[in-house]
Amino acid sequence: MDFLVDRETEALRERVRAFLEERVIPREREATPANLEALTKALQQEAREWGVFLPHMPKELGGLGLSWTQLAVVLEEAGRSLLGPRALNAAAPDEGNMHLLHKVANPEQKKRYLEPLVAGEVRSGFAMTEPMGAGADPTLLKATARRHGKGFVLEGRKWFTTGAEGAAFFLVLARAEEGPTLFLVDRENPGLKLVRTIPTMDHWSVGGHGELLLEGCEVGEDAILGEAGKGFEYAELRLDPARLTHCMRWLGVGVRATELAQDYALRRESFGRKLAEHQGVQFMIADSHIELHAARLMVWHAAWKLDRGERIRHEASMAKVFVSEAVSRAVDRAVQIAGALGISEDIPLSIFYREVRPFRIYDGPSEVHRASVGKRALYKGLRP
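Residues numbered from 1 in each chain as written. Predicted model: local features only at pLDDT ≥ 70, side-chain atom pairs only at ≥ 80, totals over all residues. Heavy atoms only, no water.

A short note on the overall build of the protein
Link 1 in the chain: Within the protein one finds eleven helices and nine strands.
Link 2 in the chain: By the compact-globule yardstick of 21 Å for 384 residues, the protein fits well, its C-alpha radius of gyration being 21 Å.
Link 3 in the chain: The C-alpha extent of the protein, read off along each of the three principal axes, is 80 × 50 × 40 Å.
Link 4 in the chain: Taken over 384 residues, the protein has a buried fraction of 53%.
Link 5 in the chain: The long-range share in the protein, meaning contacts at least 24 apart out of those at least 6 apart in sequence, stands at 72%.
Link 6 in the chain: Put simply, the protein shows about 17,600 Å² of open surface, and 54% of that area lies on carbon and sulfur atoms.
Link 7 in the chain: One finds the centroid of the 52 positive side-chain charges in the protein at a distance of 3 Å from the centroid of its 54 negative side-chain charges. (Helix = DSSP H or I, 4+ residues; strand = E, 2+ residues; numbered from the N terminus. Rg over C-alpha atoms; globule rule 2.2 N^0.38 Å. Buried < 20%, exposed > 50% of the residue type's maximum accessible area, 1.4 Å probe, protein only. Contact = heavy atoms within 4.5 Å. Areas by Shrake-Rupley, 256 points an atom, 1.4 Å probe, with all protein chains shown as cover. Lys, Arg positive; Asp, Glu negative; His and termini not counted. Charge placed at Lys NZ, Arg CZ, Asp CG, Glu CD.)

Structure, rendered in structure tokens:
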């Protein structure tokens, strides 16, 4: 395993960092839930001009055609601002939906749904989670897809569908006669209603987290994504890499939070000396460096396995747990070091603190991933 970052990737990383420092970070103070989408659109246009747009998609779709290991470097850099991945059109849920559509969709579906999505012309949602049904345990899926004429009628309720408000279409998981199946459902379908945007502690998701009602939602046979009955398989195909790209992006937040804390500690005096001279602060900075370094190595290893064509279910679960918790601790330490400034919004630490907490729940809570890792270790004879 070679940890050397090649020249091309290093040059791209530097370009992404410069784009963040010069164009993205200076506009963070402008961002509000009301103008987040318009700001994203403006930054996406600049990202195209800088040559950093769509790093995760192949060149034939207008992307940069990066490998997973290259993407790990680039998305960490982009993640230093909550606006960064959105500016690159590489934020959840669209990034994961793009991967799945690219792998599974037929040519007509790619033209209708994938091409506008990669171009940044539309947004999408992934509707799997249900209020008292599918979520961390997808086998509790309650939404149904009943055969009707030459198509299906979808019935059920979904919630925490990120990006729902303003999305052009949704990937909807429902239980058909053949088994769990993914359907492509247009937003204007009269049988799909956005009940509400759920008030949550995080405010930086374009389109919020929506609750959807599927009631007499008629779709044709051509709405099936891939094959009927393979919905769980496709969901895993999407979620394993998506968990890893989540880790890549949030790792950048942990890095920037630690940089902000270090800068403050070197400037702020307390009890006759700089905060940086106090051993308690040094220990906190050290712990963040240690954990973020370990998190980066876990991400790089999983990305390396993906580049070799291997499945990363085990590695993705371990990375999701470790990175989400390590980044949360790094941000928490940064807030503590910065004190009153840390809980203000004069610098983005308090925003990071609020936004990073749900990461330990989204895409599977830590406890579910720990249980999965433990079961595989115990019953499949995996070595630590």
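Notes on the pairing of strand β1 (residues 124-127)
Link 1 in the chain: Because side chains alternate across β1, one face comprises the buried residues Ser 124 and Phe 126, and the other comprises Gly 125 and Ala 127, equally buried.
Link 2 in the chain: In this structure, β1 lies alongside strand β4 (residues 169-176), joined through four bridges in parallel fashion. Paired with Ser 124 across the two strands is Phe 169, which belongs to β4. (Pairing = 2+ DSSP bridges.)

Here's the deal with the pattern of salt bridges
Link 1 in the chain: Taken as a whole and judged by the stated rule, the model has 32 salt bridges.
Link 2 in the chain: Glu 10 is the partner of Arg 13 in a salt bridge, and the nearest nitrogen-oxygen pair spans 2.6 Å. One end of the pair, Arg 13, and the other, Glu 10, are both in helix α1 (residues 7-24), three residues apart, so they sit about a helical turn from each other.
Link 3 in the chain: With relative accessibility at 25%, the residue Glu 10 sits in the partly exposed group.
Link 4 in the chain: Between Arg 147 and Glu 178 there is a salt bridge whose closest N-O contact spans 2.8 Å. With Arg 147 in strand β2 (residues 144-148) and Glu 178 in the loop between β4 and β5 (179-186), this pair connects stretches of sequence that are 31 residues apart. (Salt bridge = Lys/Arg side-chain N within 4 Å of Asp/Glu carboxyl O.)

Digging into the packing of aromatic side chains
Link 1 in the chain: Inspection of every chain in the model, using the stated rule, returns six aromatic pairs.
Link 2 in the chain: Relative to Phe 359, the ring of Trp 250 has its centre 5.9 Å away and its plane inclined at 20°; by these criteria the two rings are stacked. In this pair, Trp 250 is assigned in helix α7 (residues 231-267) and Phe 359 in the loop between α10 (349-356) and α11 (366-379), connecting sequence segments 109 residues apart. The two residues Trp 250 and Phe 359 agree in class, both being buried.
Link 3 in the chain: Over the face of the ring belonging to Phe 53 we find Arg 48, whose NZ or CZ atom lies 4.2 Å from the ring centre.
Link 4 in the chain: A cation over an aromatic ring shows up here: Arg 238 above the ring of Phe 126, its NZ or CZ 4.2 Å from the ring centre. (Phe/Tyr/Trp six-rings, centres within 6.5 Å; stacked < 30°, edge-to-face > 60°. Lys NZ or Arg CZ within 6 Å of the ring centre and 35° of its normal.)

Section: the packing of α7 against helix α8 (residues 279-307)
Link 1 in the chain: Between α7 and α8, whose axes approach to 10 Å, the crossing angle comes to 155°. Taken as axis vectors, α7 and α8 run roughly antiparallel relative to one another. Considering only the axes of α7 and α8, their crossing is left-handed. Packed against α7, whose contacting residues are Pro 241, Leu 244, Cys 247, Met 248, Leu 251, Gly 254, Val 255, Thr 258, Ala 261, Gln 262 and Ala 265, the element α8 presents Val 281, Ile 285, Ser 288, His 289, Leu 292, Ala 295, Arg 296, Val 299, Ala 302, Ala 303 and Leu 306 at the interface. (Axes fitted to C-alpha atoms, helices over the stretch in contact; angles between N-to-C directions. Parallel < 35°, antiparallel > 145°, perpendicular 65-115°, else oblique. Left-handed = near helix turned anticlockwise from the far one by under 90°.)

With respect to α1
Link 1 in the chain: For α1, built from 18 residues, the straight-helix expectation of 26 Å at 1.5 Å per residue is met to within 8% by its first-to-last C-alpha distance of 24 Å.
Link 2 in the chain: Inspection of α1 places Thr 9, Leu 12, Val 16, Phe 19, Leu 20 and Val 24 among the buried residues, and these make up the whole buried set. With its buried residues spanning 100° around the axis, α1 presents them on a single face.
Link 3 in the chain: As for α1, its buried residues are in contact with α2 (36-50), α3 (68-78) and α4 (84-87). (Expected span 1.5 Å × (residues − 1). Arc of directions from axis to C-beta.)

Side note on the environment of Leu 349
Link 1 in the chain: Tracing the backbone through its elements, the reader meets Leu 349 in helix α10.
Link 2 in the chain: Distance in space between the C-alpha atoms of Leu 349 and Gln 336 is 9.8 Å, their sequence separation being 13 residues.
Link 3 in the chain: Setting aside anything within four residues of it in sequence, one finds Leu 349 in contact with Ala 257, Leu 260, Val 331, Ala 334, Val 335, Ala 338 and Gly 342.

Describing helix α6 (residues 107-118)
Link 1 in the chain: Along α6, the residues that are buried comprise Gln 109, Tyr 113, Leu 114, Pro 116, Leu 117 and Val 118.
Link 2 in the chain: In this structure, the buried residues of α6 make contact with α5 (94-104), β1, β4 and β5.
Link 3 in the chain: Here α6 starts with a cap whose side-chain oxygen sits 3.1 Å from the backbone nitrogen of Glu 108, and that cap is Asn 106. (Polar contact = N/O pair within 3.5 Å; in protein donor to acceptor, adjacent residues only side chain to side chain.)

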